[in-house]
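Secondary and tertiary structure notes
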Amino acid sequence: MTETYYYAINWNEIEDAIDKATWEKLTEQFWLDTRVPLSNDLDDWRNLSALEKKVVGHVFGGLTLLDTVQSESGMEQLRHDVRTPHEEAVLNNIQFMESVHAKSYSSIFSTLNTKQEIDEIFQWTHENPYLQKKAEIINEIYKNGTPLEKKIASVFLETFLFYSGFYTPLYYLGNNKLPNVAEIIKLIIRDESVHGTYIGYKFQQGFNELDDTAQENLKEWLYDLLYKLYENEEKYTEELYDGLGWTDEVKIFLRYNANKALMNLGFDPLFPDTAEDVNPIVMNGISTGTVNHDFFSQVGNGYLLGQVEAMNDSDYKI
């Protein structure tokens, strides 16, 4: 009978320094939606038109669905192909934060929307053909793709497909509206930036080990997937934004982020769009400078945990 041995993870022996650096970055960035004062945005919310409110609700409904796919399916599948035990620990962290992201949208809903409106939003996510199609495409790769194909799907989701939804709160932030809602989105974007970079790095490690023929075949598969996703994303964007007249600007933002996804995977940009082509109000909103809501919460895009210091005898003297 063959004995089974179990091995403890040893953070004092690191096989890949990127694992440790990413773990430290993610834990430094830890945040929870409960510490962002969303109710402070209610006055702005009441002044939005009915159409704007509907778009915001549908945007966050779509993001909730995609984060759910990523937390429940994506990270679980990527864990099957880790190179190091520390990589698995990083993916565990990412999986938890994707669940935090999905939960954060529900906090936004419960603050801004009635129960009837929330029910409508989730019904829309169940029925929208373009949203369901992109979730199905990504999830199918997670279930049946090769390890490298799964990483491609994950990077495309994290660095590209989320951004049709991120555009809306960043636009309002640039116009001095819904700043606390946007603060949550900026925290999410900061997380997704690390997730996409890290998984892209792990993809490049595996890709560089392939022979020339296998690399060319995988690149062809990658670009076919990107075109399929972009074609669907165009239709999704049109359905969301045609009524507000934002469609063309959102598509520029999508192409810009598709290029970023390609670069995370180690490939050259495909689309001509650059940061200079994106609406400057949105690019200003996407910046990740530190913003603290108040002294006590120390929460914001820089998300600083409160500093704790041990008491000593002198602290008790009057």
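The rules behind the values
Residues numbered from 1 in each chain as written. Predicted model: local features only at pLDDT ≥ 70, side-chain atom pairs only at ≥ 80, totals over all residues. Heavy atoms only, no water. Salt bridge = Lys/Arg side-chain N within 4 Å of Asp/Glu carboxyl O. Helix = DSSP H or I, 4+ residues; strand = E, 2+ residues; numbered from the N terminus. Buried < 20%, exposed > 50% of the residue type's maximum accessible area, 1.4 Å probe, protein only. pLDDT = per-residue confidence, 0-100. Contact = heavy atoms within 4.5 Å. Expected span 1.5 Å × (residues − 1). 1 Å grid on protein atoms, 1.4 Å probe; cavity = no way out; pocket = protein on both sides within 12 Å on 5 of 7 lines; lining within 4 Å. Points joined across faces, edges and corners; volume = space filled by probe spheres on them. Nonpolar A, V, L, I, M, F, W, Y, C, P; charged D, E, K, R; others polar.

Here the focus is the pattern of salt bridges. In total, this model carries twelve salt bridges according to the counting rule given. A salt bridge links Glu 24 to Lys 20, with the nearest nitrogen and oxygen atoms 2.5 Å apart. Of the two residues, Glu 24 and Lys 20 both sit in helix H1 (residues 17–28), four residues apart, roughly one turn of that helix. Between Asp 273 and Arg 255 there is a salt bridge, with its nearest N and O atoms 2.7 Å apart. Here the residue Asp 273 occupies a position in the loop between helix H11 (247–264) and helix H12 (280–286), and Arg 255 occupies one in helix H11, the gap between them amounting to 18 residues. Like Asp 273, the residue Arg 255 is buried in the burial classification.

Turning next to the confidence of the model for the protein. Residues with a pLDDT of 70 or more make up 88% of the protein, whose mean pLDDT is 86. Here residues 288–318 scores under 50 on pLDDT; set against residues more than four positions off or in separate chains, the count is 46 contacts.

This part takes up unusual backbone geometry. The phi dihedral of Asn 176 is positive, around 60°, even though this residue is not glycine. Summarising the element assignment, Asn 176 is placed in the loop between helix H8 (163–174) and helix H9 (179–207). Judged by its relative accessible area of 68%, Asn 176 falls in the exposed class. Even without being a glycine, Leu 178 presents a positive backbone phi close to 50°. Tracing the backbone through its elements, the reader meets Leu 178 in the loop between H8 and H9.

Bringing H9 into the picture now. For H9, with 29 residues, the first-to-last C-alpha span of 41 Å sits near the 42 Å given by 1.5 Å per residue. Within H9, 23 of the 29 residues are buried, which leaves the element mostly enclosed by the surrounding structure.

Here we take up the environment of Trp 23. Tracing the chain through its elements places Trp 23 in helix H1. Discounting chain neighbours no more than four positions away, the residues touching Trp 23 are Trp 11, Ala 89, Val 90 and Asn 93.

Take the side chain of Ser 104 next. Among the secondary structure elements, Ser 104 is positioned in helix H4 (residues 85–112). Each residue touching Ser 104, except ones within four places of it in the same chain, is listed here: Trp 31, Asp 33 and Ile 184.

Taken as a whole, the largest pocket spans an internal volume of roughly 170 Å³. Tyr 163, Ile 189, Arg 190, Ser 193 and Lys 260 are the residues nearest the centre of the largest pocket, which is lined by 13 residues in total. Going through the elements one at a time, helix H7 (147–161), H9 and H11 are the ones with two or more residues in the lining of the largest pocket. Counted by class, the lining of the largest pocket contains three nonpolar, six polar and four charged residues.

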